[in-house]
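Report on the structure
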Amino acid sequence: MLKTIKSDKNSNNILEKALNNRDVSPEDALFLLQQTEPEQIEEIRQTANQLRQKQAGEIVTFIINRNINFTNICEQHCSFCAFRRDAGESGAYWLGIEQILEKATDAANRGATEICMQGGLNLDAKIDGKSLPYYLRLVETLKQEFPFLHLHAFSPQEVQFIAREDDLSYREVIQALQIAGVGSMPGTAAEVLEDKIRRVICPEKIDAATWLEIVGTAHQLGMPTTSTLLSGHIESPQQQVSHLEKLRQLQQNAVRQGYGAKITEFILLPFVGQEAPKPLRRRVGRDQPILQDALLLSAVARIYLGNWIPNHQPSWVKLGLDGAVEALRWGCNDLGGTLMEEHITTMAGAKGGTCMEPETLKSAIASIHRPYQERNTLYHPV
């Protein structure tokens, strides 16, 4: 466990180290997160912005994509989640194939290059008593109709769920999904990669080691992933840094082992608690993210991860578009996707909205005098 850093460190030395392309230590990152003086925070922001320019360039990217959350019926009861429902409960839903195809058709007609598909852990989502065939049918149907759409689908938690239900290895599940047409794996369900925190906010979810194992297996098999951090609830700065360190080690291992894929981006997901279950909401004591906390953490994440994960994205759903645009001055280089619909965070009470038109994203980027570029899932220009 990292200890609170006293004044024996100098932020200028840490920032200079980062600007010289050296990885800062966990202790360095914790020191930066604990700064409170406006002048020091501004120096951190400027350093993150310079590193963003060096590591990712001036262009701000975005993607035209659509979220499809195919069911909110879920066996788990995460303490931050306002999305999940029990089967038969008011508000529960489970989309059929035709409904999913309608959404994909709409996405394709609106210029999407990606479908991001995730859902609750629905025990009834099976074919002939097996989970994997159900998920494969979703993928194969979409790819048959829309072979040009990249499927960014099924989190490490969903992979574990399928493997558990069908008595398969993680490798077998990922390989089958990959062959069917899944192009990349969302790095969601990471929340905070500290089991002490997970036992409170998501006790039924996979532990940190399992999340890391599944993502590492995807990289070995040539499937890219993203990475996330759910911040601003009950986790400490020490645990935030520990999470970043685990991601950095995971990426370093993928690079050093020469795996065919790695983490493509880091996304900070500030906690929205307005409609979350009451116990955690009371413990956190607020409903919406604190923008300045998210911005400082974004800057430190760039400083800590940027040598290894160059693409950093804020969440306009959680921070609002203005907050997300401000994060582009704090180390972020990507404004995310159009989404077209978003249920998980919106049902938690987020104020950012559920859809952004490409022109809205372009105008937002232009407002800070930065060029913009549409990209695909793997950060290639479109």
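Refer to the structure presented above.
Residues numbered from 1 in each chain as written. Predicted model: local features only at pLDDT ≥ 70, side-chain atom pairs only at ≥ 80, totals over all residues. Heavy atoms only, no water.

Topic: the packing of aromatic side chains
Taken as a whole and judged by the stated rule, the model has 8 aromatic pairs. Taking 6.0 Å as the distance between ring centres and 65° as the angle between the ring planes, the aromatic pair formed by W94 and Y134 counts as edge-to-face. Placement of the pair is W94 in the loop between β2 (65-69) and α4 (97-109) and Y134 in helix α5 (residues 131-145), with a sequence separation of 40 residues. The class for W94 is partly exposed, based on a relative accessible area of 35%. The class for Y134 is buried, based on a relative accessible area of 3%. (Phe/Tyr/Trp six-rings, centres within 6.5 Å; stacked < 30°, edge-to-face > 60°. Helix = DSSP H or I, 4+ residues; strand = E, 2+ residues; numbered from the N terminus. Buried < 20%, exposed > 50% of the residue type's maximum accessible area, 1.4 Å probe, protein only.)

Let's talk about the nonpolar core
Membership of the largest hydrophobic core comes to 116 residues, with the highest contact counts inside it found for F80, M117, F154, W211, F266, I303 and L335. Ranked by residues supplied to this core, first place goes to helix α12 (residues 291-305) with 10 residues. Sequence-distant contacts of F266, that is, excluding residues within four places in its chain, are made with S227, T228, L229, L244, L247, A301, L305, I309, N311, H312 and Q313. (Core = buried A, V, L, I, M, F, W, Y, C linked by side-chain atoms within 4.5 Å. Contact = heavy atoms within 4.5 Å.)

As for the sheet that holds β2
Strand order across the open sheet formed by 4 strands is β2-β3-β4-β5, with parallel pairing between neighbours. Each edge of the open sheet carries a strand with a single partner, namely β2 and β5 (182-184). Ignoring strand direction, the axes of neighbouring strands in this sheet form an average angle of 40°. Strand direction decides the pairing type here: β2 and strand β3 (residues 114-118), joined by 5 bridges, are parallel. Within β3, the residue paired with R66 across the bridge is I115. (Pairing = 2+ DSSP bridges. Axes fitted to C-alpha atoms, helices over the stretch in contact; angles between N-to-C directions.)

Focus: the pattern of salt bridges
One pass over the full model with this rule turns up 18 salt bridges. R52 serves as the salt-bridge partner of E58, at 2.8 Å between the closest nitrogen and oxygen. The class of E58 is partly exposed, set by a relative accessible area of 32%. The buried category is assigned to R52, whose relative accessible area is 2%. A salt bridge links R248 to E245; the shortest N-O distance between them is 3.3 Å. Here E245 and R248 lie together in helix α10 (residues 237-256), a separation of 3 residues that amounts to about one turn. Taking relative accessible area as the criterion, E245 reaches 18% and is therefore assigned buried. Counted as one network, the salt bridges with shared partners bring together R66, D106, R110 and E357. (Salt bridge = Lys/Arg side-chain N within 4 Å of Asp/Glu carboxyl O.)

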